[in-house]
Amino acid sequence: MERTSRQFLGIAFLGIGLWAWNEKGVLSNISSITDLGGFDPVWLFLVVGGVMFILGFAGCIGALRENTFLLKFFSVFLGIIFFLELTAGVLAFVFKDWIKDQLYFFINNNIRAYRDDIDLQNLIDFTQEYWQCCGAFGADDWNLNIYFNCTDSNASRERCGVPFSCCTKDPAEDVINTQCGYDARQKPEVDQQIVIYTKGCVPQFEKWLQDNLTIVAGIFIGIALLQIFGICLAQNLVSDIEAVRASW
């Protein structure tokens, strides 16, 4: 049942990813994949969907058809994923300063491409609204974007501003003011703090992790236990099948 649901969930993720690419015209112009300046969130759906479909297919068909090859593939693939997750966790702890620098560069690269992809734009807006942050380490990181930089040659109306997702929210406002960030960085820093979030997303993410460390650790431990349980179950089924075949 679990493997079947994983398979259908994987198909759903793949379908959403391919539909999103089709809406953006990527499928009609495959070369545009390499032209994306920033991270395309659709990749998450495609990769996660593909991995879940492969695991679900191998586990489900392997169990139904008593195919030891597919069951072994399922357990080995799941073991590799578990090992990679464990390795990533250890490396993230050991090289946390390097990870922070890479996260800084990642966010700034996506700031440059903010207007290039609607999915990326929505992802950045959601991140800044959720963590109440602006830019990687501060609002001035938006100087990297051609529409928001403060250079005299910039003719954009958004010059020296920030996206609306950087603006502090008024609970009384029912409609989002998408122009609230205009000229925000032309004001003194004291006045900026009233209008926009001045803290960067990297330190806000670190603070969120510290505040929710128990929940995050619990989620990762739960996922790890499910993976170990899946590996043991598949290996146990393989042993039972091979024992029955040996008795023939």
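- For the protein chain, an unreviewed UniProt entry supplies the name Tetraspanin and the organism Vulpes vulpes.
- UniProt annotates the protein chain under Sequence similarities (unreviewed entry) with the comment "Belongs to the tetraspanin (TM4SF) family."
- Quoted verbatim from the Subcellular location (unreviewed entry) heading of the UniProt record, the comment on the protein chain is "Membrane".

## Brief notes about the side chain of Gln128
So, step 1. Take Gln128: it is sitting in helix H5 (residues 118-131).
So, step 2. Residue classification places Gln128 among the buried positions, given a relative accessible area of 2%.
So, step 3. If we ignore the near neighbours within four places in the chain, the residues touching Gln128 are Cys133, Cys134, Gly135, Trp142, Pro163, Ser165, Cys166, Tyr197 and Cys201.

## Some remarks on the nonpolar core
Nonpolar side chains in soluble globular proteins tend to be buried together.
So, step 1. Of all hydrophobic cores here, the largest spans 20 residues; its most connected members are Ile107, Cys134, Trp142, Val162 and Ile196.
So, step 2. Those elements giving two or more residues to this core turn out to be helix H4 (96-112), H5 and helix H7 (201-211).
So, step 3. Listed in part, the eight residues of the second largest apolar core include Leu55, Leu70, Leu78 and Ala234.

## A few points about a nonpolar patch on the surface
So, step 1. Taken together, the side chains of Leu86, Val90, Leu91, Phe93, Val94, Phe95, Trp98 and Ile99 define a hydrophobic patch exposed on the protein surface, amounting to about 830 Å² of accessible area.
So, step 2. Residue contributions to the nonpolar patch peak at five residues, all from helix H3 (residues 68-94).
So, step 3. Counting through the fold element by element, Leu91 comes out in helix H3.
So, step 4. On the basis of relative accessible area, Leu91 is assigned to the partly exposed category, the value being 41%.

## A short note on the packing of aromatic side chains
By convention here, two paired aromatic rings are described through the distance between centres and the angle between planes.
So, step 1. Counted by the stated rule, this structure contains 12 aromatic pairs.
So, step 2. Pairing Tyr104 with Phe137 gives two aromatic rings, centres 5.0 Å apart and planes at 50°, and the pair type is tilted. Of this pair, Tyr104 sits in helix H4 while Phe137 sits in the loop between H5 and helix H6 (189-195); the two residues are 33 residues apart in sequence, bridging distant segments of the chain.
So, step 3. When its relative accessible area of 26% is taken as the criterion, Tyr104 is described as partly exposed.
So, step 4. Looking at Phe137, the relative accessible area reads 41%, which means it is partly exposed.
So, step 5. A ring pair is formed by Tyr130 and Trp131, whose centres lie 5.7 Å apart and whose planes are at 75°; its orientation type is edge-to-face.
So, step 6. On the accessibility criterion, Tyr130 (47% relative accessible area) is partly exposed.
So, step 7. Put simply, the rings of Phe126, Tyr130, Trp131, Phe205 and Trp208 touch in pairs and so form one group of aromatic residues.
So, step 8. Note that Lys96 overlies the ring of Phe93, its terminal NZ or CZ placed 5.8 Å from the centroid.

## A word on the state of the cysteines
Joining two cysteines, a disulfide is a covalent bond between their sulfur atoms.
So, step 1. Going through the model one piece at a time under the given rule, you end up with four disulfides.
So, step 2. Here Cys150 is linked by a disulfide to Cys160, with a sulfur-sulfur distance of 1.9 Å. Around the S-S axis, the bridge from Cys150 to Cys160 shows a dihedral of about 100° and counts as right-handed. Taken as a pair, Cys150 in the loop between H5 and H6 and Cys160 in the loop between H5 and H6 lie far apart in primary sequence, 10 residues in all.
So, step 3. There is a disulfide in this structure between Cys167 and Cys180, and the S-S distance comes to 2.1 Å. An S-S torsion of about 105° defines the bridge between Cys167 and Cys180 as right-handed.

About the criteria used
- Residues numbered from 1 in each chain as written.
- Predicted model: local features only at pLDDT ≥ 70, side-chain atom pairs only at ≥ 80, totals over all residues.
- Heavy atoms only, no water.
- UniProt positions renumbered as here; feature names shortened; annotations may be inferred.
- Helix = DSSP H or I, 4+ residues; strand = E, 2+ residues; numbered from the N terminus.
- Buried < 20%, exposed > 50% of the residue type's maximum accessible area, 1.4 Å probe, protein only.
- Contact = heavy atoms within 4.5 Å.
- Core = buried A, V, L, I, M, F, W, Y, C linked by side-chain atoms within 4.5 Å.
- Patch = residues over 30% accessible without salt bridge, like charges linked within 9 Å, V, L, I, M, F, W, Y side chains within 5 Å.
- Areas by Shrake-Rupley, 256 points an atom, 1.4 Å probe, with all protein chains shown as cover.
- Salt bridge = Lys/Arg side-chain N within 4 Å of Asp/Glu carboxyl O.
- Phe/Tyr/Trp six-rings, centres within 6.5 Å; stacked < 30°, edge-to-face > 60°.
- Lys NZ or Arg CZ within 6 Å of the ring centre and 35° of its normal.
- Disulfide = S-S within 2.5 Å.

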